[in-house]
Structure formats: structure tokens, C-alpha cells
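A look at the structure
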Amino acid sequence: MKYVLMFVETEEFAKELEAMGELEREAAYEAVGRWFAENADKITHHNHLHPVHTATTVRLGEGEPVVTDGPFVEGKEVVSGFAEVEVADLDEALKLARSWPACPVVEIRPAR
């Protein structure tokens, strides 16, 4: 079964990451690299997204779509990256999500 794990940063997490010293930040990134290496047999695709200020949003509705610069999604959490995984079931996807060493929120969705 395929799932997408969306790694969600909170404002608090972003501030903590920014406040880290260089060695501490390098160690955090190394932990993420290890997570991807340890789970490489299950990950079919992954990517880190550019910062939210680079986003363009298209709002669909009645009339013409409205295109704006920026994310403009309500909330204080943003998706910073994702990994598509192929696992046996949701329990295995949950196990992967629980072992994620970075952002404090991981959203899991079935993929087609």
C-alpha cells in the first residue's frame, strides 16, 4: 500500500531550528539523513520543499481562478517536505512516522 508522509513544520519548530548552533543543526540534518537511509527500502520518492514564501496559491471557485504569491493557507503549520512510501499497511506507515526525527507533525495520507 502506498502512503505519503507529509512533514509539517510549526512556527515553534522553525524558531528552534533557527536558534540552533551550527553543530546542533548539522546533527539534526544528519538524523534526517539516517532516517531516509534506514527506510530507503520503503521510500519510493521524497523531496524537501522550498520555503513557504516561494509558494504560489491558486484558489478555485466560482469564476476565474485567483492566483496569488505566497502560501496564504490558514494556519501556523506548513508542509516542508514529503516522502511516498510503499508499506504493508497503515500500521507500518505509522511506525515510520513515529520514528521521524525532525518536524513535530507528520500527516499520513493514502496515495494512489
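Residues numbered from 1 in each chain as written. Predicted model: local features only at pLDDT ≥ 70, side-chain atom pairs only at ≥ 80, totals over all residues. Heavy atoms only, no water.

Here we take up the sheet that holds strand β6 (residues 105-110). Judged by pairing direction, the sheet is antiparallel, and its four strands sit side by side in the order β2-β5-β1-β6 without closing on themselves. The open sheet has two edge strands, β2 (43-48) and β6, and neither has a second partner. Taking the axes of each pair of neighbouring strands and ignoring which way they run, one obtains an average angle of 20° across the sheet. Pairing analysis gives five bridges linking β2 to strand β5 (residues 77-86), with the strands arranged antiparallel. Paired with N47 across the bridge in β5 is F82. (Pairing = 2+ DSSP bridges. Helix = DSSP H or I, 4+ residues; strand = E, 2+ residues; numbered from the N terminus. Axes fitted to C-alpha atoms, helices over the stretch in contact; angles between N-to-C directions.)

Attention now moves to the packing of aromatic side chains. Going through the model one piece at a time under the given rule, you end up with six aromatic pairs. Ring centres 5.9 Å apart and planes at 90° place the aromatic pair F7 and W35 in the edge-to-face group. With F7 in strand β1 (residues 2-10) and W35 in helix α2 (residues 22-38), the pair connects residues that are 28 residues apart, well separated along the chain. In this structure, F7 and W35 share a single accessibility class: buried. With a centroid separation of 5.8 Å and an interplanar angle of 85°, the aromatic rings of F36 and W100 are classed as edge-to-face. Taken together, the positions of F36 in helix α2 and W100 in the loop between α3 (90-98) and β6 put the pair 64 residues apart, joining distant regions of the chain. (Phe/Tyr/Trp six-rings, centres within 6.5 Å; stacked < 30°, edge-to-face > 60°. Buried < 20%, exposed > 50% of the residue type's maximum accessible area, 1.4 Å probe, protein only.)

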